[in-house]
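Residue-level structural notes
So you can see what is in the structure, the chains are spelled out below.
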Amino acid sequence: MKKFVSTVLAVSLAQPAFCCDLCAIYTANEARGEAGRGIFGGVSEQFTHFGTVQVEGREVSDPSGQYLDSSISQLFAGYNFSEQIGLQFNLPMIYRAYKRPNSLGGIEYGTESGIGDASLLGTYSPFRSFRRNSSFSTHILAGIKFPTGDSTRIAEELHEVEEPIGPPSGIHGHDLTLGTGSYDGIFGGGAFGRWHRVFMAANVQYAIRSEGDYNYQFANDLTWGGGPGVYLLLTMDYTLALQAVVSGEYKGKDTFESAPAEDTAVTAVYLGPELSFTWGSKISAFLGADIPVSIQNSSLQTVPDYRIRAGLTFHF
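In short, a report on the structure. (Residues numbered from 1 in each chain as written. Predicted model: local features only at pLDDT ≥ 70, side-chain atom pairs only at ≥ 80, totals over all residues. Heavy atoms only, no water.)

Along the protein chain, the regular secondary structure elements total 3 helices and 17 strands. Buried residues in the protein chain amount to 45% of all 316 residues. Taking all contacts inside the protein chain whose residues are at least 6 apart in sequence as the whole, residues at least 24 apart take part in 66%. Looking at the protein chain as shown, the accessible area adds up to about 15,400 Å², and 63% of this sits on carbon and sulfur atoms. (Helix = DSSP H or I, 4+ residues; strand = E, 2+ residues; numbered from the N terminus. Buried < 20%, exposed > 50% of the residue type's maximum accessible area, 1.4 Å probe, protein only. Contact = heavy atoms within 4.5 Å. Areas by Shrake-Rupley, 256 points an atom, 1.4 Å probe, with all protein chains shown as cover.)

Following this line, the structure appears as structure tokens:
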């Protein structure tokens, strides 16, 4: 860090404007917990509304008006041991409200809430470069997810009716469960590049699932996201950036009692804007929205109509 500050001071004598932009970029990364040593923590939220019923990727009529509103609030805290190595603990708090047809031809309303599956992640940044008109950094992560969430809802899979009276439900126990009952591996990485005020960011994460409670195993899950952006405001005190984010998910079929669960595979692509704000090197926040542009699913499922994401990070 001392070497970085000395470099910035030396450059500032010849290029004052560059010093301002570069320091703003660097402190923005610090505020997000991506740089600098010490403790960081915060909360993030993702709200998803599932309100469209699809069969094999095609929308079908839904006379019951079924829906699922899912809110996942992640509390997280971490420590950066150096500019390159960090550790982060995540604890999700989940609330879900739903309406679905039951097997007797009636309508069921309900909620499910509690803690989800906690995770512990280690991060490593193998390359970081901050230059006059450009910057580039990469990171990789690996960790484990613990079975801390209640998996009781998965037991519904034991009692599903193949031919219900009335319309079938696209909301099942595996959609409502708070936890998987399994220890899972998490791996991923990302990269960030900037040229003047224009930047590109991308991230990818892969979850390797093991068998959990009730002989149910969620399929391995690949999620990704990224896109171009621009710094609308860039000062030593604060930054404001706008990014066009393309994101997606690929998940195969889950396994229940050694047989494929036919209504669980999904491949989805989303598109939407994201605003991010940093104040000095201590506080960062973001707000984004995702609209599905393509969802291919197996069998009958209730799929997302939109997602709202937000987060706040403090770097102490």
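Sheet architecture is open: 3 strands sit in the order 10-13-14, paired in antiparallel fashion. Each edge of the sheet is formed by a strand with only one pairing partner; in this case those strands are strand 10 (216-217) and strand 14 (259-260). Direction of pairing for strand 10 relative to strand 13 (residues 255-256): antiparallel, over a ladder of 2 bridges. Considered in strand 13, the bridge of Y216 is made with F256. (Pairing = 2+ DSSP bridges.)

This brings us to the environment of T48. Considering the arrangement of structural elements, one finds T48 in strand 1 (residues 38-55). Setting aside residues up to four positions removed in sequence, T48 forms contacts with L68, D69, S70, P304, Y306 and R307.

Let us now look at the packing of aromatic side chains. Applying the stated criterion across every chain yields a total of 11 aromatic pairs. The ring centre of Y270 lies 3.8 Å from the NZ or CZ of R307, which sits over that ring. (Phe/Tyr/Trp six-rings, centres within 6.5 Å; stacked < 30°, edge-to-face > 60°. Lys NZ or Arg CZ within 6 Å of the ring centre and 35° of its normal.)

What follows concerns the nonpolar core. Residues F192, F199, A201, Y231, L234 and A241 constitute the largest nonpolar core, which totals 6 residues. Put simply, the parts of the chain that give this core at least two residues each are strand 9 (198-208) and strand 11 (221-234). (Core = buried A, V, L, I, M, F, W, Y, C linked by side-chain atoms within 4.5 Å.)

Here we come to the pairing of strand 3 (residues 67-80). Pairing of strand 1 with strand 3 involves 13 bridges; the strand directions are antiparallel. Looking at strand 3, one finds that E45 is bridged to S73. By the bridge criterion, 14 bridges tie strand 3 to strand 4 (residues 85-101) in an arrangement that is antiparallel. The residue bridging N80 from the neighbouring strand is G86, located in strand 4. Hairpin geometry of strand 3 and strand 4 is characterised by an intervening segment of 4 residues between the two adjacent antiparallel strands.

Take unusual backbone geometry next. Of note in this structure, E56 is not a glycine but carries a positive phi near 50°. Tracing the sequence through the fold places E56 in the loop between strand 1 and strand 2 (58-59). Phi at S299 takes a positive value of approximately 55°, unusual for a residue other than glycine. Assignment of secondary structure puts S299 in the loop between strand 16 (283-297) and strand 17 (300-315).

Right, let's talk about the pattern of salt bridges for a bit. Tallying each qualifying case throughout the model produces 12 salt bridges. A salt bridge links E156 to R100; its shortest N-O distance comes to 3.2 Å. Highlighted residues: E156 in the loop between strand 7 (134-145) and helix 3 (173-176) and R100 in strand 4, separated in sequence by 56 residues. In this structure R100 comes out as buried when scored by relative accessible area, which is 7%. Here D290 ties to R307 by a salt bridge, and the two come within 3.1 Å at their closest N and O atoms. Of the two residues, D290 is situated in strand 16 and R307 in strand 17; the sequence distance between them amounts to 17 residues. Each of the two residues, D290 as well as R307, counts as buried. (Salt bridge = Lys/Arg side-chain N within 4 Å of Asp/Glu carboxyl O.)

A few words on the environment of F256. Turning to its location among the elements, F256 is positioned in strand 13. Classification of F256 as buried rests on a relative accessible area of 15%. Considering only alpha carbons, one finds F256 and I154, 102 residues apart in sequence, at a separation of 9.8 Å. Ignoring sequence-local partners within four residues, the contact set of F256 consists of E157, L158, Y214, N215 and Y216.

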